[in-house]
Amino acid sequence: MAVVHRTTMTPGKLELLASWLPTQSWYQGPGAGSAPQPARVGGFRLDDPQGEVGIEFMAVSDRAGDRPITYHVPLTYRGAPLDGAEHALIGTSEHGVLGRRWIYDGTHDPVLVERLYALVRGEAEPQAQSESDTPDPSVTGWSAGTGHPGPVAVLGVSDGPETTDVLVQTAGGKLTLGVQRVLRPAPAQEDTGERQPLGHVTAEWTLPDGTRARGRYAVVRA
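Residues numbered from 1 in each chain as written. Predicted model: local features only at pLDDT ≥ 70, side-chain atom pairs only at ≥ 80, totals over all residues. Heavy atoms only, no water.

Asker: What should I look at first to understand the overall build of the protein in this one?
Answerer: Of regular secondary structure, the protein possesses 2 helices and 12 strands. The helix and strand sequence of the protein, counted from the amino end, reads β-α-β-β-β-β-β-α-β-β-β-β-β-β. Expressed as a percentage of the 222 residues in the protein, the buried residues total 45%. Across the protein, every contact between residues at least 6 apart in sequence was considered, and the portion connecting residues at least 24 apart equals 57%. Roughly 10,600 Å² of accessible area belongs to the protein as shown, and the carbon and sulfur atoms make up 50% of that amount. (Helix = DSSP H or I, 4+ residues; strand = E, 2+ residues; numbered from the N terminus. Buried < 20%, exposed > 50% of the residue type's maximum accessible area, 1.4 Å probe, protein only. Contact = heavy atoms within 4.5 Å. Areas by Shrake-Rupley, 256 points an atom, 1.4 Å probe, with all protein chains shown as cover.)

Asker: Just checking my understanding: could you explain the nonpolar core for this structure?
Answerer: Proteins that are soluble and globular tend to have nonpolar side chains buried together. Membership of the largest hydrophobic core comes to 30 residues, with the highest contact counts inside it found for Phe 44, Leu 177, Val 201 and Tyr 217. When residues of this core are traced back to their parent elements, those giving at least two are strand S2 (38–46), strand S3 (54–62), helix H2 (110–120), strand S9 (163–170), strand S10 (173–180), strand S11 (199–206) and strand S12 (212–221). A total of 7 residues in this core trace back to one element, the largest contributor, which is H2. Core analysis: the second largest hydrophobic core is formed by 16 residues, Leu 16, Trp 26, Met 58 and Val 182 among them. (Core = buried A, V, L, I, M, F, W, Y, C linked by side-chain atoms within 4.5 Å.)

Asker: Mind showing me how you'd approach the environment of Arg 214 here?
Answerer: Along the polypeptide, Arg 214 turns up in strand S12. Distance in space between the C-alpha atoms of Arg 214 and Pro 185 is 5.2 Å, their sequence separation being 29 residues. Each residue touching Arg 214, except ones within four places of it in the same chain, is listed here: Ser 138, Thr 140, Arg 184, Pro 185, Ala 186, Thr 202, Ala 203, Glu 204 and Trp 205. Among the polar contacts listed, one links the side chain of Arg 214 to the backbone oxygen of Ser 138, at a separation of 2.6 Å. Here the side chain of Arg 214 touches Thr 140 through a polar contact of 3.2 Å, side chain to side chain. (Polar contact = N/O pair within 3.5 Å; in protein donor to acceptor, adjacent residues only side chain to side chain.)

Asker: Help me understand the side chain of Arg 181, please; the structure alone is not making it clear to me.
Answerer: Along the chain, Arg 181 falls in the loop between S10 and S11. Judged by its relative accessible area of 0%, Arg 181 falls in the buried class. In this structure the side chain of Arg 181 is engaged in a polar contact, spanning 2.8 Å, whose partner is the side chain of Thr 164.

Asker: For this particular structure, what's the right way to read the packing of aromatic side chains?
Answerer: The relation between two aromatic rings is expressed through the spacing of the ring centres and the mutual angle of the planes. This structure, assessed with the given rule, holds 6 aromatic pairs. Measuring from ring centre to ring centre gives 5.8 Å for Trp 20 and Trp 26, while their planes differ by 65 degrees; the resulting arrangement is edge-to-face. One exposure class covers both Trp 20 and Trp 26, and it is buried. Here the aromatic rings of Phe 44 and Tyr 217 are separated by 5.8 Å at their centres, their planes lie at 50 degrees, and the arrangement is tilted. Here the residue Phe 44 occupies a position in strand S2, and Tyr 217 occupies one in strand S12, the gap between them amounting to 173 residues. Assigned by exposure class, Phe 44 and Tyr 217 land together as buried. (Phe/Tyr/Trp six-rings, centres within 6.5 Å; stacked < 30°, edge-to-face > 60°.)

Here's what the structure looks like:
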């Protein structure tokens, strides 16, 4: 299982996100002149079976505007640049133990995408965000039984106003992993009249008033 080091990162992850978030199509914060004020409010990790890539699903609350908005930012941490992913680089940071780390928007990283699909199918165990070797049972993956185990290939990534859709090729055909960028508590996602997804990942985060919310971080669609 992945080790969470008690050390520093310079610049810090939230510092990098403060510059990166306003460049994203799904960012709903204030316009020019008001920088984001991201604060970590939840999330979890997944292990890379090869032990090379750090994988984190981070929930951050931005209170820069008139109302707080919680964003979901999947991140990968690598010890070298990911070929062909320059457009997905959030930034580099000096890790107090591991040295320089390249930090990517994980929706463009095939290792994170494969592990997220495995989590939906119950083939990956979610880990606590800030503790080593500690499973997080509050994070749940659910599958309707469709799809196939095994590796997936990323065919394309597209951003929308509140989601990022990752088109993947599986052994059983093409599927879309919809990564929820603007997190909303579960009741806001129920009874929408839309076709039910083939699977989803549900987890928690902390609201501005200190209470806990729960909702979908990602869904699988045909």
